[in-house]
Amino acid sequence: MDAKARNCLLQHREALEKDIKTSYIMDHMISDGFLTILEEEKVRNEPTQQQRAAMLIKMILKKDNGSYISFYNALLHEGYKDLAALLHDGIPVVSSSSGKDSVSGITSYVRTVLCEGGVPQRPVVFVARKKLVNAIQQKLSKLNGEPGWVTIYGMAGCGKSVLAAEAVRDHSLLKHCFPGGVHWVSVGKQDKSGLLMKLQNLCTRLDQDESFSQRLPLNIEEAKDRLRILMLRKHPSSLLILDDIWDPWVLKAFDNQCQILLTTRDKSVTDSVMGPKYVIPVESSLGKEKGLEILSLFVNMKKADLPEQAHSIIKECKGSPLVVSLIGALLRDFPNRWEYYLRQLQNKQFKRIRKSSSYDYEALDEAMSISVEMLREDVKNYYTDLSILPKDVKVPTKVLCILWDMETEEVEDILQEFVNKSLLFCDRNGKSFCYYLHDLQVDFLTEKNRSQLQDLHKKIMTQFQRYYQLPSLLPDQEDCMYWYNFLAYHMASAKMHKELCALMFSLDWIKAKTELVGPAHLIHEFVEYRHILDEKDCAVSENFQEFLSLNGHLLGRQPFPNIVQLGLCEPETSEVYQQAKLQAKQEVDNGTLYLEWINKKTIMNLSRLVVRPHTDAVYHACFSEDGQRIASCGADKTLQVFKAETGEKLLEIKAHEDEVLCCAFSTDDRFIATCSVDKKVKIWNSVTGELVHNYDEHSEQVNCCHFTNSSHHFLLATGSSDCILKLWDLNQKQCRNTLFGHINSVNHCRFSPDDKLLASCSADGTLKLWDVTSANERKSINVKQFFLNSEDPQEDMEVIVKCCSWSADGARIMVAAKNKIFLWNIDSCSKVADCRGHLSWVHGVMFSPDGSSFLTSSDDQTIRLWETKKVCKNSAIMLKQEVGVVFQENGVMVLAVDHIKRLQLINGKTGHVDYLTEAQVSCCCLSPHLQYIAFGDENGAIEILEPVNNRIFQSRIRHKKTVRHIQFTADEKTLISSSDDSAIQVWNWQLEEYDVLQAHQETVKDFRLLKNSRLLSWSFDGTVKVWNIITGKVEKDFVCHQGTVLSCDISHDATKFSSTSADKTAKIWNVSNGELLHLCAPLSEEGAATHGGWVTDLCFSPDGKMLISAGGYLKWWNVVTGQSLQTFYTNGTNLKKIHVSPDFKTYVTVDNLGILYILQTLE
């Protein structure tokens, strides 16, 4: 140590020994590396404070210049500014060209500059945050010697001050950007007198020789001028660091053409000053790895050797730097108390987290409550009221205005006092404020005020009821979202069970909440408060939960569906249906259109939950091993994790650079594997979403990945478009086996429950079973053969087996192909069951761990959860979409062909079914008086059946291709048919007379009989034609579209007709001259959203004021205004035709799942 420094320390030794407390001083010196743990222990063993100080100074006198500087800086940092001033003249002169010293690679030049500028030392345990430090340094260098502001902002305790100090601990930055030095000022929350004192002290530091003035400035304006002159003349090119700025007006006192770095909790504080501004946000908590690093430094262990409790502590306190440091310091003294401190955090037993020697408070709760005790008596009760705030929620000011029955300004004044004392955090969003507590503060308040919680929740509910009636809540109200999200929480906590049931069993509430936040949170509340809701009525609770679960994919879409219409589709015994019916009747009186599904009793819901977590096709979904979570991935490149019971989102990760094709949970549920078109396989932490591993082995896209079921034999299987499967031993991180046998892409793979077999399915149409130990093929099933006799067109017969899943007992395996799901018995290779529900290709299937349910994922963007027992017992009849319909005065009769080729006659009113015959039928129809039945087949043949005497009439002239549509004339004497051969045949079957209408160039899509023996037909050739069926001549020929004409209808007065096309246009024409009247509802990119796909059929009402369209679903329109009057969502999609009664009050259609819909307007 230099003689000057040594003499200065000896000269002031008595004053130092008398006043300093060594605890914090030693922490800084240990952090700097100038004091050892053993030396600290030796000092602590001294009996009195003065003797401890004497021992410390004795040690410093034996050390070098660095220890003197470290001691001086520690005094400054801990508030001993008078004592530090005594040592200032003794600070060793260090050459700026000297190399780096032994502490952290920092040069002596940097140490001297920072020491003279009052920059705080590093904390006892320091963890580098290089990314943030680099960002600050880059912004500082951008000032380039010119006046400007660099702002570091973030919540209290996030380490802003440490980052600011660390950023200037850089030789190059100080030498080139701030050769005039740095000057640190701790500002904090100040009034004008406090700010004046800060300015006076800074001026004194900058003018130690008093060359500018021998008296202190007397007011802020004078101080501001003095500071400007000192910075320009005595300290040019220096940096002024303002720590902890709270108010914009404070900054104006420093707005004097300086280079300034400031820390604050409010990034808008610089709005009041001029000049270039740069902002660096600091995250509110440490990441998991940084938190673990701090703990490892405190307990002197490698991060990898930390116990599991360390991870849980970081998770429990959300990486709060305060709590991590406090518990780390406690563990340094009591290294065996990991489980104890974790348990106290989890149980909110803050009193039991006892102090370490480095902290002033007896326990963690005292550290948190000391600020509460400092509050004014008149505001303490308001802080107690915050005990009811939910975790992780920013509460709008308006909510607290309602709670306290105060004006906004009064509430903000109270809350600002809490914010000032770091008891509450404020987030400004435009003009409004939102307030929130840290999780630990919520836990502390909840524990402290446990006996008052019920009354506090009741208080907020009483106040809410004073201000609002539920239907009056508007989405644009500042506090609207809060009430929709937490009203049920407050009611349940207040034990207002009657009110909670009334709320949750209200269709109005369901509609309002789902329209704003979607259905998942509501389903979660039904599960969360099931014990309360079941007390009122278990069945009603199940009705509402099932309604939300099965319609979730619709309730989350835009435009938002009519929830009353959805409710009318529920079973008639359901409370949802009864409320919907009541509301619908009231609205019908005001002119609203509603539909009753009169034959819905025949439909059984096999799904238990339908969710729509992705914005594009869902390629795969899987259960966690405990069955509580579902992970899914898809074309939107994301991995989603949500609750299996409610669909509530838990995690969303942008997982890959291309479509994510598969995902899988590990056996212990800690990890999720994903694989992608980008040829990579990635392993993620299933809770935090952190990337753990990244594998890049396959040469083509990786289609599937799956972990073994036993953690004792940990393998990952992957399958790729290179036709091979690979088995990976994750402990060795290398490929163990490569499995050859498929001749096309491997789409999916699954280990059997005992891990002895691996099932794989492929684009070659086969399902293969492999022996895991030997990697040999054991069995192969050709799935394609099960489609050969299906109703699908033969040209669409490419069958790609997409995926498979084992049942829990290993006896059955389920596969998906096209839009169907099949269940096989392994031993017999026989099909047990199949089910339909998805609207497009099914990409993934998986049994739940207990086998009671399974989930499926599809191109239709949905994931469905099915009950296995219901599917296996299901014997639902699926109808072909071409049906014959005759409307009668008191009902409707439907002729249809089912999936097992039976011709059946259905009474729409009673539901009674007569099975007539078995036939290979492509289309069928009824005669107007139900005396005859006609049907055509795929070979072009047409037959007429007279059911009364079972006579059959066969057409002598066949169509050349499949018959697509047939219809009797009103007198039942003539049968008209159209076919893929582009011809229309007119057959007077009683006279055996035939006429062929041949003018279309391509397949006739459909036709419609008009008055006066006229017929309207439309075709794939883009034309619409009007025929005289007596003469067989075309009377009018309209070239309407460039693509296929999908649907056509003529108005009741026969003056105009409408057409829609695959070219995504809809047009209205003048019948007499073919003039285009309107290009209505152009089906642009919004077409799919408006109509659910192509419009395949249209029908005008008799008065021409209303129009019904069929596509992905049914829609009713006001022809005059173009406004949508109602939408009916079918279970399936791709509706081909809509049959409408003459009075426009009954409608019949069949969706692509084979479900029949007979709808009536509600009156």
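Residues numbered from 1 in each chain as written. Predicted model: local features only at pLDDT ≥ 70, side-chain atom pairs only at ≥ 80, totals over all residues. Heavy atoms only, no water.

A few words on the nonpolar core. By size, the foremost hydrophobic cluster in this structure holds 106 residues, and its most contacted members are Leu386, Phe418 and Trp483. Of the residues forming this core, the biggest block, nine residues, is contributed by helix 25 (residues 480-493). A domain split of this core shows at least three residues from each of domain 4 (454-583) and domain 5 (608-875). Every residue in contact with Trp483, bar those within four places of it in the chain, is listed here: Val399, Ile402, Ile460, Phe464, Tyr468, Leu473 and Trp509. Counting residues in each nonpolar core, the second largest holds 31 residues, with Ala5, Cys8, Ile20 and Ile91 among its members. (Core = buried A, V, L, I, M, F, W, Y, C linked by side-chain atoms within 4.5 Å. Buried < 20%, exposed > 50% of the residue type's maximum accessible area, 1.4 Å probe, protein only. Helix = DSSP H or I, 4+ residues; strand = E, 2+ residues; numbered from the N terminus. Domains from an automatic or database assignment. Contact = heavy atoms within 4.5 Å.)

Strand order in the open sheet formed by four strands is 38-39-40-41, and the pairing between neighbours is antiparallel. With partners counted over all chains shown, the strands left at the sheet margins are strand 38 (923-926) and strand 41 (951-954), one partner each. Averaged over all neighbouring strand pairs, the angle between strand axes comes to 20°, with direction disregarded. (Pairing = 2+ DSSP bridges. Axes fitted to C-alpha atoms, helices over the stretch in contact; angles between N-to-C directions.)

Let us now look at a negative patch on the surface. Negative charge collects at one region of the surface, where Glu407, Glu409, Glu410 and Asp413 lie side by side. Tracing the backbone through its elements, the reader meets Asp413 in helix 22 (residues 408-420). Here Asp413 falls in the exposed class, since its relative accessible area comes to 55%. (Patch = residues over 30% accessible without salt bridge, like charges linked within 9 Å, V, L, I, M, F, W, Y side chains within 5 Å. Areas by Shrake-Rupley, 256 points an atom, 1.4 Å probe, with all protein chains shown as cover. Salt bridge = Lys/Arg side-chain N within 4 Å of Asp/Glu carboxyl O. Lys, Arg positive; Asp, Glu negative; His and termini not counted. Charge placed at Lys NZ, Arg CZ, Asp CG, Glu CD.)

With that out of the way, let us pick up helix 18 (residues 338-346). Those residues of helix 18 that sit buried are Trp338, Tyr341, Leu342, Gln344 and Leu345. Taken end-on, helix 18 shows its buried residues confined to a sector of 160°, consistent with a single buried face. (Arc of directions from axis to C-beta.)

It is worth spelling out the packing of aromatic side chains at this point. The tally for this structure, following the rule as stated, stands at 25 aromatic pairs. Arranged with centres 6.5 Å apart and planes meeting at 35°, the rings of Tyr932 and Phe968 form a pair that is tilted. You can see Tyr932 sitting in the loop between strand 38 and strand 39 (933-936) and its partner Phe968 sitting in strand 42 (residues 963-968), a full 36 residues away along the chain. The exposure class assigned to Phe968 is buried, which follows from its relative accessible area of 4%. Among the aromatic residues, those joined into a ring-pair cluster are Phe464, Tyr468, Tyr482, Trp483, Phe486 and Tyr489. Cation over ring: Arg337 sits above Phe334, and NZ or CZ is 3.8 Å from the ring centre. Just above the ring of Tyr436 sits the side chain of Lys394; from NZ or CZ to the centre is 5.3 Å. (Phe/Tyr/Trp six-rings, centres within 6.5 Å; stacked < 30°, edge-to-face > 60°. Lys NZ or Arg CZ within 6 Å of the ring centre and 35° of its normal.)

Turning our attention to the pattern of salt bridges. Per the counting criterion, the structure on display carries 33 salt bridges. A salt bridge links Arg44 to Glu40; the shortest N-O distance between them is 2.8 Å. Note that Arg44 and Glu40 are positioned in helix 4 (residues 37-44) at a spacing of four residues, about one turn of the helix. Across the pair Arg169 and Glu166 runs a salt bridge, and its minimum N-O distance is 2.6 Å. For Arg169, a relative accessible area of 13% corresponds to the buried category.

Such coordinate-based values are descriptive only and should not be taken to indicate function.
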